[in-house]
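Geometric and topological summary
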Amino acid sequence: YSSILDVTSTVSLTVTRDIIVPLNVMQYTVYNGTTGGQSIRFIAASGTGVTVANGMRAIIYCDGTNVVRATADV
């Protein structure tokens, strides 16, 4: 399975925010389109997560515990 997460904001973010994904094995194509120049961390309820810089895209996946990168930010 694969999902696209296109994250935007109408207010300027002042700190890195977390997006919590389910603890299911799944791949995500993500885009951090928020305002304010802040990163977004994609993490599950347990384990480690990955941070995607503002204005960047990446392919990440959850292995059932951790969220890890499949690609670098582009």
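Residues numbered from 1 in each chain as written. Predicted model: local features only at pLDDT ≥ 70, side-chain atom pairs only at ≥ 80, totals over all residues. Heavy atoms only, no water.

Taking strand neighbours across the sheet as the criterion, the 3 strands line up as β2-β4-β5 in an open arrangement whose pairing is mixed. The open sheet terminates on both sides in strands that have one partner only, identified here as β2 (17-20) and β5 (50-52). The average undirected angle you get between the axes of adjacent strands in this sheet is 30°. (Pairing = 2+ DSSP bridges. Helix = DSSP H or I, 4+ residues; strand = E, 2+ residues; numbered from the N terminus. Axes fitted to C-alpha atoms, helices over the stretch in contact; angles between N-to-C directions.)

In this section: the pairing of strand β3 (residues 26-35). Residue alternation in β3 divides its side chains into a buried set, Met26, Tyr28, Val30, Asn32 and Thr34, and an unburied set, Gln27, Thr29, Tyr31, Gly33 and Thr35. As defined by bridge partners, strand β1 (residues 2-12) adjoins β3 across 8 bridges and the pair is classed as parallel. From the neighbouring strand, Leu5 faces β3, where its bridge partner is Val30. Direction of pairing for β3 relative to strand β6 (residues 57-62): antiparallel, over a ladder of 6 bridges. Bridge assignment links Gln27 to a residue of β6, and that residue is Tyr61. (Buried < 20%, exposed > 50% of the residue type's maximum accessible area, 1.4 Å probe, protein only.)

On to the sheet that holds β6. Pairing within the open sheet is mixed, and its 4 strands lie in the order β1-β3-β6-β7. Pairing within the sheet leaves two strands with one partner each, and these edge strands are β1 and β7 (67-69). Taken over all neighbouring pairs, the strand axes of this sheet differ in orientation by 35° on average, direction set aside.

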